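Now for the letters of each chain:
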Amino acid sequence: MSKLEELKKNGCCVLEQVLPSDLTTKCISLANTALDNLSDEHREKNKSQGSMVHLADYPEFVDLIASQNLMKALDDHFDFTDIKFSSGYLISKPPMSPPLFWHQDWWGWEHDSSYTDFLHQIFVMVYLTDTSRENGCLKYLSGSHRKKHKFHESKNAHSEELARVDNPNDPLFHDDKDEIDVPTRLGDIVVGDARVLHAANKNNSDNKRSLITLWYHPHYNQMTDEM
């Protein structure tokens with residue numbers, strides 16, 4: 001199965017060893033600077049995510065956003081016709097921190113085209129360390145970008161209460177029998193459909209687990225005027 005077929009069928013795939021070491025080293029340094037600037041209030045407000053740092057506050061990340069290695073990898077594996085960057089965040093789970101709640105990130109459900117094969121938006125996740133279930137790797141529900149799941153019925157997704165982990169027993173923090181872990185190595189990227197349900201495991205390690213999520217529209221020239 002090609003990476004394009006995997007993305008369309010499952011909603012998520014991994015491209016191995018895409019980014020060069022000098023770029024990942026620069027991103028790690030920038031990320032550490034950004035995280036050092038966070039307030040305790042920010043951390044408490046985003047306990048589930050760990051942090052939500054908008055990349056617009058650190059324009060030096062442009063070297064990652066427009067990386068030739070990244071663009072070539074996406075071009076080699078997918079049939080993207082007109083890729084446009086949308087936004088990005090630095091998300092960093094501290095040591096011994098809770099899981100990230102189940103959610104999907106698509107915002108266009110009121111438009112009929114959201115229920116078709118057309119891929120409106122993707123996330124590209126760049127982890128700044130090796131990841132595993134132990135330190136909070138990504139997990140997702142295969143095919144959930146195209147079929148209904150009980151998590152879609154929750155009214156809490158993306159709420160401030162979930163971000164603060166006011167109720168750690170909320171079902172959106174629970175493991176799911178069909179979840180798939182996505183362990184990665186430094187230099188890999190994870191590509192996913194914005195509609196796919198995903199979460200992250202607890203970080204049970206003694207080190208932070210940081211990632212940069214980049215959002216792109218892969219077929220911008222084919223999107224409707226409304227979108």
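Structure report, in brief. Because the structure is a prediction, the values reported are computed rather than measured.

### What to know about the sheet that holds strand β5 (residues 122-127)
Move 1: Strands sit in the order β1-β8-β5-β10-β3-β2 across an open sheet of six strands; the sheet is antiparallel. Edge positions in the sheet fall to β1 (12-15) and β2 (53-54), since each of these pairs with one other strand and no more.
Move 2: By the bridge criterion, nine bridges tie strand β3 (residues 84-93) to strand β10 (residues 209-217) in an arrangement that is antiparallel. Bridge assignment links Ser87 to a residue of β10, and that residue is Trp215.
Move 3: Of the strands in this sheet, β1 and β8 (189-193) touch helix α1 (residues 3-10), which is tilted by about 150 degrees from β1.
Move 4: Across the face of the sheet, helix α2 (residues 21-36) comes into contact with β2, β3 and β10 while running at roughly 65 degrees to β3.

### Let's talk about the nonpolar core
Move 1: Counting residues in hydrophobic clusters, the biggest one holds 35 residues, and the most contacted among them are Phe78, Val124, Ile189, Val191, Ile212 and Leu214.
Move 2: Elements supplying a minimum of two residues to this core: α1, β1, α2, α4 (62-65), α5 (68-77), β5, β8 and β10.
Move 3: Tallying contributions element by element places α2 first for this core, with six residues.
Move 4: Ignoring any residue separated from it by four or fewer positions in sequence, one finds Val124 in contact with Leu70, Ile189, Val190, Val191, Ile212, Thr213, Leu214 and Tyr216.
Move 5: Formed by 15 residues, the second largest nonpolar core is a distinct cluster that contains Cys12, Val14, Val196 and Trp215.

### Remarks on the pattern of salt bridges
Move 1: Throughout the structure, instances matching the rule amount to 15 salt bridges.
Move 2: Between Asp181 and Arg133 there is a salt bridge whose closest N-O contact spans 2.9 Å. Of the two residues, Asp181 is situated in strand β7 (residues 180-182) and Arg133 in the loop between β5 and β6 (138-140); the sequence distance between them amounts to 48 residues.
Move 3: Using a relative accessible area of 29% as the deciding quantity, one classes Asp181 as partly exposed.
Move 4: One salt bridge in this structure joins Lys139 and Glu179, with 3.3 Å as the shortest N-O distance. Taken as a pair, Lys139 in strand β6 and Glu179 in the loop between α6 (160-164) and β7 lie far apart in primary sequence, 40 residues in all.
Move 5: The exposure class assigned to Glu179 is buried, which follows from its relative accessible area of 14%.

Thresholds, definitions, all that
- Residues numbered from 1 in each chain as written.
- Predicted model: local features only at pLDDT ≥ 70, side-chain atom pairs only at ≥ 80, totals over all residues.
- Heavy atoms only, no water.
- Pairing = 2+ DSSP bridges.
- Helix = DSSP H or I, 4+ residues; strand = E, 2+ residues; numbered from the N terminus.
- Contact = heavy atoms within 4.5 Å.
- Axes fitted to C-alpha atoms, helices over the stretch in contact; angles between N-to-C directions.
- Core = buried A, V, L, I, M, F, W, Y, C linked by side-chain atoms within 4.5 Å.
- Buried < 20%, exposed > 50% of the residue type's maximum accessible area, 1.4 Å probe, protein only.
- Salt bridge = Lys/Arg side-chain N within 4 Å of Asp/Glu carboxyl O.

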